[in-house]
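Commentary on secondary and tertiary structure
So the chains spell out like this:
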Amino acid sequence: LKENGFATYTVDTTRSRVGFSVRHLGFSTVRGSFREFAGTVGLDTTDLSSLSASATIQSASVSTGDASRDEHLVSDDFFSSADYPRISFQSRGIKDIKGKRFKLVGDITIRDVTKQVVLVAKFRGEDSGADGIKRIAFEAHQTINRKEFGLIWSGVLKAGGLLVSENVKIDLEIEAILQSVGG
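Now for a description of the structure that goes with this document. Bear in mind that the values here come from a model prediction, so they are computed numbers and not experimental data.

Procedures and definitions
Residues numbered from 1 in each chain as written. Predicted model: local features only at pLDDT ≥ 70, side-chain atom pairs only at ≥ 80, totals over all residues. Heavy atoms only, no water. Pairing = 2+ DSSP bridges. Helix = DSSP H or I, 4+ residues; strand = E, 2+ residues; numbered from the N terminus. Salt bridge = Lys/Arg side-chain N within 4 Å of Asp/Glu carboxyl O. Buried < 20%, exposed > 50% of the residue type's maximum accessible area, 1.4 Å probe, protein only. Core = buried A, V, L, I, M, F, W, Y, C linked by side-chain atoms within 4.5 Å. Contact = heavy atoms within 4.5 Å. Phe/Tyr/Trp six-rings, centres within 6.5 Å; stacked < 30°, edge-to-face > 60°.

In this section: the pairing of strand β11 (residues 164–181). As paired strands, strand β1 (residues 6–11) and β11 are joined by five bridges and run antiparallel to one another. Among the inter-strand pairings, V11 is bridged to a residue of β11, identified as A176. The pairing of strand β2 (residues 17–24) with β11 spans seven bridges and is classified as antiparallel. Along β11, the bridge assignment pairs F20 with I170.

The structure is reproduced here in structure tokens:
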């Protein structure tokens, strides 16, 4: 990391992706993302262990490319977006730093249920964009069990399997813009 000092960054939502994937019918994959989210990253650029992150996602902004599926996802069967409009994440620490790879420990809250998650992450780099403003980038992923957060709907197939897997893979690609340096 190049410059010294603690810096605060805001997630650039036009260049970031908060995505997920889930098995459908036990053998195919459905991918989706959220269109509306915000986040901040704090980092002393000389010390990756200083990284902190927080984010808020609007659950009703889910998009899978299928309007009827998206409508089902915001219903009480899944996100219950009318009652629980936000999904949130707050980091609690960093561990297992190996070069640019690390684990980001934090709390994720879905439907007012908070669980600790360990995101497997990588610092992708830092540089200034065409506008001259410093940017940083990260990627992270992890698999969570949706039922632990109250997303319990499940269709059962004739062969006994689940229509939608309980396990959901989270995939994050984050680019953030420098807001301030210091204290």
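Next, the rest of the story.
What follows deals with the pattern of salt bridges. According to the stated counting rule, one finds 10 salt bridges in the structure shown. As a salt-bridge pair, R135 and D12 come within 2.8 Å of each other at their nearest N and O atoms. Here R135 is found in strand β10 (residues 134–145), whereas its partner D12 is found in the loop between β1 and β2, with 123 residues between them in sequence. Taken individually, R135 and D12 each receive the classification buried, so the pair is uniform in this respect. With a closest N to O distance of 3.5 Å, D96 and K103 form a salt bridge. The class for K103 is partly exposed, based on a relative accessible area of 30%.

It is worth spelling out the nonpolar core at this point. With 42 residues, the main nonpolar core has F102 and F138 as its most contacted residues. Here this core takes six residues from β11, the largest share from any one element. Apart from residues no more than four positions distant in its own chain, F138 is found in contact with V41, L43, L48, L51, F102, K122, F123, R124, L172, E173 and I174.

As for its placement among the helices and strands, R86 is situated in strand β7 (residues 86–98). For R86 and F20, which are 66 residues apart along the polypeptide, the C-alpha to C-alpha distance reads 16 Å. Those residues in contact with R86 that lie beyond four places of it in its chain are T56, I57, Q58, S59 and T109.

Glancing now at the pairing of strand β8 (residues 101–110). In terms of burial, β8 is a largely internal element, eight of the 10 residues being buried. What sits between the antiparallel neighbours β7 and β8 is a turn of two residues, in which G99 has the positive phi angle 70 degrees. In sequence, β8 turns back onto strand β9 (residues 113–128) through a hairpin of two residues, with R111 there showing a positive phi of about 55 degrees.

One pair of aromatic rings is described through two measures. These are the centre distance and the angle between the planes. Counted under the stated rule, the structure contains four aromatic pairs. When the centroid spacing of 5.7 Å and the interplanar angle of 50 degrees are considered together, the rings of F20 and F34 count as tilted. Residue F20 is located in strand β2, and its partner F34 is located in strand β3 (residues 28–34); the two are separated by 14 residues in the primary sequence. One aromatic cluster is present, built from ring pairs that chain together F20, F34 and F79.

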